[in-house]
Amino acid sequence: MLIIYVGSEARSLYSPRPTEWSNGSKSDVIYAASVTSANLPPVLIEVQHTISLDFIDRLLGYSLCVKKEFKAKPIVVVFGVHATRNDVTSDFEASPYTFMKQIPSKYWAEKCYILDHNTIAEDTKTTPLPPMLAIAYFFSCQKLSLLATEYRDDLTLQALYSIVKEQTDAKIPAEQSTADVLLKVCNQTNLQFKKILNTLEPMPDTLLKKRLRAYADDGALYTHTCKRMYSGRCDALVEPMPPPPELPESATQLLNQIASPTTDILRAEVGIPTTDMEYVQQYRQNTEVMDWKLCFETGKKEGFFGSYSNSASLKTAFYKKKSNRMN
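Residues numbered from 1 in each chain as written. Predicted model: local features only at pLDDT ≥ 70, side-chain atom pairs only at ≥ 80, totals over all residues. Heavy atoms only, no water.

Chemist: Sorry, what's going on with the pairing of strand β3 (residues 43-48) here?
Modeler: Where a strand is regular, its side chains alternate between the two sheet faces. The buried fraction of β3 amounts to 5 of the 6 residues, a majority that puts the element mostly inside the structure. In the sheet, strand β2 (residues 29-33) pairs with β3 via 3 bridges, with the strands oriented antiparallel. The residue bridging Ile30 from the neighbouring strand is Leu44, located in β3. Relative to strand β4 (residues 75-80), β3 is paired through 6 bridges, and the arrangement is parallel. (Buried < 20%, exposed > 50% of the residue type's maximum accessible area, 1.4 Å probe, protein only. Helix = DSSP H or I, 4+ residues; strand = E, 2+ residues; numbered from the N terminus. Pairing = 2+ DSSP bridges.)

Chemist: What am I meant to see in the environment of Glu278 here?
Modeler: Examined against the element boundaries, Glu278 turns out to sit in helix α9 (residues 276-285). On a C-alpha basis, the gap between Glu278 and Phe318 in space is 9.9 Å, while along the polypeptide they are 40 residues apart.

Chemist: Explain the packing of α9 against helix α10 (residues 292-301) to me, please; I cannot follow it from the model alone.
Modeler: Packed helices, taken two at a time, are described by the angle between their axes plus the distance between the axes. As a packed pair, α9 and α10 sit with axes 11 Å apart at the nearest point and diverge in direction by 125°. When the interaxial angle is binned, α9 and α10 end up oblique. As α9 runs across α10, the sense of the crossing is right-handed. Every residue of α10 that contacts α9 at Tyr279, Val280, Tyr283 and Arg284 is listed here: Trp292, Leu294, Cys295, Thr298 and Gly299. Grouping the constituent residues of the contact of α9 with α10 by class yields 6 nonpolar, 2 polar and 1 charged. (Axes fitted to C-alpha atoms, helices over the stretch in contact; angles between N-to-C directions. Parallel < 35°, antiparallel > 145°, perpendicular 65-115°, else oblique. Left-handed = near helix turned anticlockwise from the far one by under 90°. Contact = heavy atoms within 4.5 Å. Nonpolar A, V, L, I, M, F, W, Y, C, P; charged D, E, K, R; others polar.)

Chemist: Is there a simple way to think about unusual backbone geometry in this case?
Modeler: The phi angle of most residues is negative, glycine excepted, and most peptide bonds adopt the trans form. Notably, Gln142 is not glycine yet its phi reads approximately 60°, a positive angle. For Gln142, the position within the fold is in the loop between α5 (131-141) and α6 (155-200). At Phe305, a position not held by glycine, the phi torsion is positive, near 65°. Considering the arrangement of structural elements, one finds Phe305 in the loop between α10 and α11 (311-326).

Chemist: Which parts of the structure should I look at to understand the sheet that holds β3?
Modeler: Within a beta sheet, neighbouring strands are joined by backbone hydrogen bonds and run either parallel or antiparallel to one another. Strand order in the open sheet made by the 7 strands is β1-β2-β3-β4-β7-β6-β5, with mixed pairing throughout. Of all the strands in the sheet, the pair left with one neighbour each is β1 (14-16) and β5 (93-94). Taken together, the 2 bridges between β5 and strand β6 (residues 101-102) define a ladder with antiparallel strand orientation. Of the residues in β6, the one forming a bridge with Ala94 is Lys101. Relative to β3, helix α2 (residues 53-70) is tilted by about 155°, and along the sheet it contacts β2, β3, β4 and β7 (111-115).

Next up, the structure:
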């Protein structure tokens, strides 16, 4: 790659350098010579999804950082994965190579070359491809395998796909191992929640049972959701379901008005009542119609209402304390 710009004699003089700058920005790749020479400028290489004016502003900043670090304006090479925006292509200038264009860079770079899907399309491709053209084709063609490309016999493309395969083979096992552990944790946690639900089933239908059952249901739903996310069940052979349609604004407002404050997968923690009146208050909040007799009976089973003889006395005491608080 460097031979095209600085000559074959400089091949052994260049090496990669750190790409992080004092202002917090970070470039992609930088090569600089081990000797200082006006004929051996640093080389800045960037790979960008879509080359826009905003990106050019960042690129200018990177170049000035390189210039400050190495006391020389860099040669800049940008590989665009997709077509460059029109507001940038309007400044394209011809370069010595048919598969790349230049943009004005007098004050911040020796040269700034851009290669993207459109610039390489203008070149008459004959194998073997020039290395720079092969790299640009690799980024823009977006083929998952070498066999799917038009130039599978090209040595540069073969080398690039070989590098990708090595990196993928090294990365996937580690990620798969982590996912396997997470799935096991989800399965075991989900099983524990089911055991809690099964244990609660024969117990009396008290306020505490309802609360515990609700928490266990939420926990089981949460772990099931995590399991689906970690298992990566999206099958490339199956067309994914479309996203749900947007609700009208009026419907969204209505849902917000009636939504419970505990709409997360895991509901908010509710404190266990410690007094008789707290028990009554929570019981009222969890039932549509207050049944004082049933409240009294279930509360007695949970250790409350020892100082009350019946539901009527409990009801009278509750409203008396409520009235005193209001006064």
